[in-house]
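# Architecture at a glance
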Number of protein chains: 4
Amino acid sequence: MILFVVKGNDSLLLEKLNSSSASYKKLNLYGKEVILAWPDTETETIDDPAIEIKVKVKEPYPLVSNKWKKEPTRVRVGDVEIGGDKIVVAAGPCAIENEEQVITDAKAIKSSGASILRGGAYKPRTNPYSFQGLGEKGVKLLRKAGDEVGLPIVTEIMDTKDIELFRNYVDMIQIGARNAQNFSLLKEVGKLGKPVLLKRGLANTVDEWLQSAEYLLSEGDGNVVLCERGIRTFEKATRFTLDVGGMIAAKLMTHLPMCADPSHPAGKRELVHSLALASVAAGADMLLIEVHPNPEKALSDSEQQLTPESFALLMERIKALASAIGRSV
Amino acid sequence: MILFVVKGNDSLLLEKLNSSSASYKKLNLYGKEVILAWPDTETETIDDPAIEIKVKVKEPYPLVSNKWKKEPTRVRVGDVEIGGDKIVVAAGPCAIENEEQVITDAKAIKSSGASILRGGAYKPRTNPYSFQGLGEKGVKLLRKAGDEVGLPIVTEIMDTKDIELFRNYVDMIQIGARNAQNFSLLKEVGKLGKPVLLKRGLANTVDEWLQSAEYLLSEGDGNVVLCERGIRTFEKATRFTLDVGGMIAAKLMTHLPMCADPSHPAGKRELVHSLALASVAAGADMLLIEVHPNPEKALSDSEQQLTPESFALLMERIKALASAIGRSV
Amino acid sequence: MILFVVKGNDSLLLEKLNSSSASYKKLNLYGKEVILAWPDTETETIDDPAIEIKVKVKEPYPLVSNKWKKEPTRVRVGDVEIGGDKIVVAAGPCAIENEEQVITDAKAIKSSGASILRGGAYKPRTNPYSFQGLGEKGVKLLRKAGDEVGLPIVTEIMDTKDIELFRNYVDMIQIGARNAQNFSLLKEVGKLGKPVLLKRGLANTVDEWLQSAEYLLSEGDGNVVLCERGIRTFEKATRFTLDVGGMIAAKLMTHLPMCADPSHPAGKRELVHSLALASVAAGADMLLIEVHPNPEKALSDSEQQLTPESFALLMERIKALASAIGRSV
Amino acid sequence: MILFVVKGNDSLLLEKLNSSSASYKKLNLYGKEVILAWPDTETETIDDPAIEIKVKVKEPYPLVSNKWKKEPTRVRVGDVEIGGDKIVVAAGPCAIENEEQVITDAKAIKSSGASILRGGAYKPRTNPYSFQGLGEKGVKLLRKAGDEVGLPIVTEIMDTKDIELFRNYVDMIQIGARNAQNFSLLKEVGKLGKPVLLKRGLANTVDEWLQSAEYLLSEGDGNVVLCERGIRTFEKATRFTLDVGGMIAAKLMTHLPMCADPSHPAGKRELVHSLALASVAAGADMLLIEVHPNPEKALSDSEQQLTPESFALLMERIKALASAIGRSV
């Protein structure tokens, strides 16, 4: 596929494309006009003064690739910028259970230095008889808690029919691991124009993950953060296998920021610190961590949520580590 | 969880459940009243003359389990019955491309002995620039082809917003591997009351797969066929690893019929016959096979679709095998 | 790599090779002189009247590949031929425990139609405190049992220091899954000139498995049977995942016969029949099945060994199946 | 299993064990007398004044478990101590190629702060036609280089027949991933009484890995360092998947020190730094890193070996990181 970055008047270039037998798609990404055109044999010879950059991208994810955009993308969520020197920590409960729980938690994680509030309202539970989340009510409680403590919020969407709710209440939209190849959902969320946190599917290769991100970018908005959350392997001593290598391999191929979720692969509290620190040392730009005011009474994932005290300690450790590698929190 | 099968007047039993602190859910499955009640400590001592069967099910998929329903479920799609002695073969193109293609294919597969027509209209493609299927138009073309040759049709749904279309045009609804844990979709499709073909997700354990089926059954309709289509492993000589053992392990735990899809794991035509025969020998009740009138020109999966001639030969081999194991086609 | 099959006087050809800067290796395989020579740039232009076949093999397993040897190799163990129309069944206990057990078992499996006696003397046990097998004594007991009932024997070697014992007592030498990439052992066993049953390692790709076989063939003896015994995946409903697709993918690339071991991946008796039948239907030439006179008292693998009665029934089912696919038992 | 630590005269205790129907094994580990006795039902009631510690260990690796030995084991290799506050770095070429290469490399890695010299002499190569290492000659060259720069050496053993060579020339013996369940080799190496670096097998669970270590400890020497080097998963963007979570899960269960090998899972130079830093941040006590004076001309693993310059930079980064987490290099 040939990717053009266009500067100024594109009318002659479009004419050339229209008169060829090539197909093309025009987008606006990061304040630039980008045109994808194919097949290569038709389009690589096209030339025009309006073309600022012309790149042939072999990877199946041209927009996500850093072949055309060398500088890292910084994704802004409220006042928070993801992808710069500062490591951004999003924290909060696995599931929003009630107002008191989420507000208590929001205060705790903020005071320890988290800058985004996370919490699950729509919960993709393996079992139909498990707590399914508070749904719309949960989203509104999270909004309220975020407003009260002054933090932007991130929460997961599971169905295209909830798009309007998320448009009105949510700052950053999470696509969960189980919907990482729910392409209908990716397309609709891509159109929304809000920052997206895209988790890697349990069985997705780095290549497939980046192609899921391409679904989002090809709808025209580039505010996507990739999130490694553990893949499924034969090993059962941990809940999932956090693929630090795959995360960095992906980072080397894209301009998008990278988040790590150390809570889900850990499965147990004892491992969360180690996985969080490992992710930061490897190069993650953001962390997503489950913290619950009283993990043992949590309605879901009680084994892996940190207490506020443990989270405060982890933040101290992350700060020390970040400064050793030339970053901050 | 305690599962009750109730015969006759349930009013006293419901009274007992209501006056306890237990939760319960009442369903109508296979012409029987079924009540699920929990926690066990509250419900296992409940007794009533209306209780025909009382079973404690430890598995997280009580309705899907064969602990309470020993006889295999037979799922009816049009005139076709899946789960009896007869091995049912569904065949057709990976993607519906145009009217001629699907009708030609439908005639070919019918004349070789297939009894359900399959074809993709909504296509979950890894890459956003790949052919995404004809959508609604494709569903209608498949309906037309099915009617013309007199075969019921099965096709994949990807989004809850398409439920009405599928209600009106489709005989059996497929949930694809990438949506195997799209729980919003499972719930909506479960409510529809049509036969469902539930593929196993690429990274789903047998346990998780059966819990996805439980989502469907817990909405009240029991016409579900499970479909093994290959899991993701380290091996790349095949596209996916057909898990014949997992398929049979699942079959030993449930009353639902079992389908195998030999086309997707094969990835190449040469392997499809072997995997189809292996699945039947192991105990599959149904096969789902991709056949295209001209595979090399197919818009998707061109490497793995059989020609009509090869499919005809495969049907002969399946017939010989089926009769050797006391079944028919 | 260039592979030459040479007929007649090779002196001129060798002279050409010697005078080039190429490296080469000369072997005698299946009654033919075979020369491997590399790099291709030096050797593909070499020509000589003594060259019967000249093939460029891209695969990293030239001798094992069927690019140069189209007809399937038949491996002879005693009077038994593996790789022809007849499906060969090797059966016997997981571990040899005592004389009575192995002789009782040998009689039982022979009377049901098995043609090779298997049994473990050196046992690769995950845990150091598990029964480690009878070692040398076990090998001799197996020999005695084989002689008494008139069946050749196959048993596993674990250490190069036992080569002499195996030379003197064993008809077919098994390389186990955990030693599938113990290259020292492969080299020594290759030199022995006895038929080898090479299991696929738990994490070996088809490509790696065939390269392990190449280690055996490159030592000069070609009597190797490949054995698929289940790979390690995330699925735990079975002990291992029998990779029927990988087995057939391998078969399409090699001239060597293919064995399937349905006992180890099954992990439970109930699944062994299904996996055995699936393997035969897919195209296996041989089966390796654990049978114990009293499985519940077995010192190892008690969950997966068949009773003699169940084995007799399985043999009947295999016979019916074999005849449906044009083979016999 | 019951594990006793015995202090003083054990004769009465042994008498009690002998007169029971229990089995037991007596060892000397870390300067203490340790007795393992089973089955639990026979041995857990045994009491004696000589018993300092009595623990029931459910894990299948009692000696390796930290249930009886809370303080971390420190393994001494020459003057180097592994398992204390200092992070130990072993570095050197994948394969020893000639004297100049290994001595140049040894000087370079020493000057950057590595404290053990690694290098492969016996190379377990997937392909029989790949460079197989210099064998005995290589071991002697490594010894010479180690002596010249004043560093202890670690190198891999592949066959029990080389035990004497390793006894005489090698400071720390590596068991490679492909021999991680070569139990014959584990037993022989365990008897040798030298420090061992035990790599995790490509498909080994944490549980199996610790049981392989148990083979070593049950032969009576406790100087074992565990080494995570990447497991085999579906992901191919990296060569193997470094399982940081599994490494830490193992560390939480054992008293043995933990090493990480970031070179093999990386497969490419660009990822080695990230994986090394991640491992240290997570809690590794040691690193094993491939460094070659001229990686592009290396006879093996040329893609993943660091240049001396890149290694020097990595050491600086490790030092900064180590001090941020309260350790040193």
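In this numbering scheme, every chain counts its residues from 1 along its sequence in written order. As they are written, the chains are lettered A onward and the ligands numbered 1 onward, keeping that order. For this predicted model, a pLDDT threshold of at least 70 governs which residues receive local features, and a threshold of 80 or more governs which side-chain atom pairs are given and counted, while totals over whole chains, interfaces and linings are taken from all residues. By convention in this description, side-chain values take in all heavy atoms of the structure and omit both hydrogens and water.

With an unreviewed UniProt entry as reference, chain A is termed 3-deoxy-7-phosphoheptulonate synthase, source organism Candidatus Acidianus copahuensis.

What follows is about the UniProt feature "domain: DAHP synthetase I/KDSA" (unreviewed entry) in chain A. UniProt positions are given in the numbering used here, feature names are shortened, and annotations may be inferred rather than shown by experiment. With numbering matched to this structure, UniProt assigns "domain: DAHP synthetase I/KDSA" (unreviewed entry) to residues 74–317 of chain A. Secondary structure across residues 74–317 of chain A comprises 39% helix and 16% strand; the distance between its end C-alpha atoms is 24 Å. What counts as a helix is a DSSP run of H or I of at least four residues, what counts as a strand is a run of E of at least two, and both are numbered from the N terminus.

With that settled, the discussion passes to the relation of the copies chain A and chain D. Copies are brought into register by a least-squares superposition over C-alpha atoms of residues with pLDDT of at least 70 in both. Of the transformation superimposing chain A on chain D, the axial component is 0.0 Å and the angular component is 180°, with the fit at an RMSD of 0.0 Å. Given the turn and translation reported, the copies of this chain are related as if by a two-fold rotation axis. Minimal C-alpha separation from the rotation axis in chain A is found for alanine 278 of chain A, amounting to 2.0 Å. Any two residues having at least one pair of non-hydrogen atoms within 4.5 Å are treated as being in contact. Comparing interface residues between copies, 100% of those in chain A also lie at the interface in chain D; the contact surface is shared.

Now for the interface of chain A and chain D. Contact with chain A, which involves 33 residues of that partner, is made by 33 residues of chain D. Counting each side, the surface lost to burial between chain A and chain D is near 2400 Å², with a carbon and sulfur contribution of 76%. What makes a salt bridge here is a side-chain nitrogen of Lys or Arg within 4 Å of a carboxyl oxygen of Asp or Glu, nothing more. Counting the contacts that link chain A with chain D gives 2 salt bridges. Linking arginine 200 of chain D and glutamate 235 of chain A is a salt bridge whose minimum nitrogen-to-oxygen distance equals 2.6 Å. Among the elements of the structure, helix 8 (244–253), helix 10 (269–282) and helix 11 (308–324) of chain A are those that each provide at least two residues to the side of chain A that touches chain D. The residue makeup of the side of chain A that touches chain D, split by class, is 20 nonpolar, 8 polar and 5 charged. When two components associate, each loses some accessible surface as probed by a 1.4 Å sphere; the sum of these losses over both components is called the buried area. Residue polarity is assigned by list, with Asp, Glu, Lys and Arg as charged and Ala, Val, Leu, Ile, Met, Phe, Trp, Tyr, Cys and Pro as nonpolar; anything else, Gly included, falls into the polar class.

Residues and elements named next belong to chain A. With 5 of 5 residues buried, strand 7 (residues 88–92) is to be regarded as a mostly interior element. Buried residues are those whose accessible area, probed at 1.4 Å on protein chains only, stays under 20% of the maximum for their type, while exposed residues exceed 50% and partly exposed ones sit between those limits. Burial of strand 7 is two-sided: the residues Val88, Ala90 and Gly92 facing one way and the residues Val89 and Ala91 facing the other way are all buried. The pairing criterion for strands is at least two bridges between them, as found by DSSP. Where strand 7 lies against strand 14 (residues 286–290), 5 bridges are found, and the strand directions are parallel. Of the residues in strand 14, the one forming a bridge with alanine 90 is leucine 288. Inspection of the sheet shows strand 7 paired to strand 8 (residues 116–118) by 2 bridges, in the parallel sense. By the bridge assignment for strand 8, alanine 90 is matched with isoleucine 116. Viewed with both strands pointing away, a crossover whose connecting path from the first strand over the helix to the second turns clockwise is right-handed. Taken together, strand 7, helix 3 (residues 99–112) and strand 8 constitute a β-α-β crossover, and its handedness is right-handed.

A word on the packing of helix 3 (residues 99–112) of chain D against helix 4 (residues 136–149) of chain D. All names here are of chain D. Angles shown run from 0 to 180 degrees and are taken between the N-to-C directions of axes, each axis being a line fitted to C-alpha atoms and, for helices, limited to the stretch in contact. It is the contact of helix 3 with helix 4, at a shortest axis distance of 9 Å, that shows an interaxial angle of 35°. Considering the relative orientation of helix 3 and helix 4, their crossing is right-handed. Counted together, Glu99, Val102, Ile103, Ala106, Lys107 and Lys110 of helix 3 and Leu141, Leu142, Lys144, Ala145, Glu148 and Val149 of helix 4 form the full contact between these two elements. Classifying every residue of the contact of helix 3 with helix 4 by side-chain character gives 7 nonpolar, no polar and 5 charged. Crossing handedness is defined as follows: a turn of the near helix away from the far one that is anticlockwise and smaller than a right angle gives a left-handed crossing, while the clockwise case is right-handed.

Turning our attention to the side chain of lysine 194 of chain A. Residues and elements named next belong to chain A. Secondary-structure assignment places lysine 194 in the loop between helix 6 (183–192) and strand 11 (196–199). Charged-residue counts in this description rest on Lys and Arg as positive and Asp and Glu as negative, His and the chain ends being excluded. Aspartate 171 is the oppositely charged side chain nearest to the buried, salt-bridge-free lysine 194, at an N-O distance of 5.4 Å. Pairs of N or O atoms within 3.5 Å make up the polar contacts considered here, provided that, within protein, one atom can donate a hydrogen while the other can accept it, and that residues adjacent in sequence are counted only when both atoms are side-chain atoms. Separated by 2.7 Å, the side chain of lysine 194 and the backbone oxygen of arginine 167 make a polar contact. Apart from the residues lying within four places of it in its own chain, the contact partners of lysine 194 are Phe166, Arg167, Val170, Asp171, Ile173, Asp221 and Asn223.

Residue and element names in this part refer to chain C. All chains considered together, the criterion is met by 95 salt bridges over all chains. Close ionic contact of aspartate 243 with arginine 200 constitutes a salt bridge, the shortest N to O distance being 3.0 Å. Of this pair, aspartate 243 sits in the loop between strand 12 (224–228) and helix 8 (244–251) while arginine 200 sits in the loop between strand 11 (196–199) and helix 7 (206–217), placing them 43 residues apart in sequence. Judged by relative accessible area, aspartate 243 falls into the buried class, the value being 0%. By relative accessible area, arginine 200 is classed as buried at 1%.

Take the interface of chain C and chain A next. Each partner contributes residues to the interface: chain C has 4 residues there, and chain A has 4 residues. Between chain C and chain A the total buried area reaches about 320 Å² when both faces are included, carbon and sulfur atoms providing 78% of it. In terms of surface lost to chain A, no three residues of chain C exceed Arg232, Phe234 and Lys236 of chain C, which account for 94% of the buried area on that side. The tally of links between chain C and chain A comes to 0 salt bridges. Linking chain C to chain A there are 2 residue pairs in polar contact (both at pLDDT 80 or more). Broken down by class, the residue content of the side of chain C that touches chain A amounts to 1 nonpolar, 1 polar and 2 charged.

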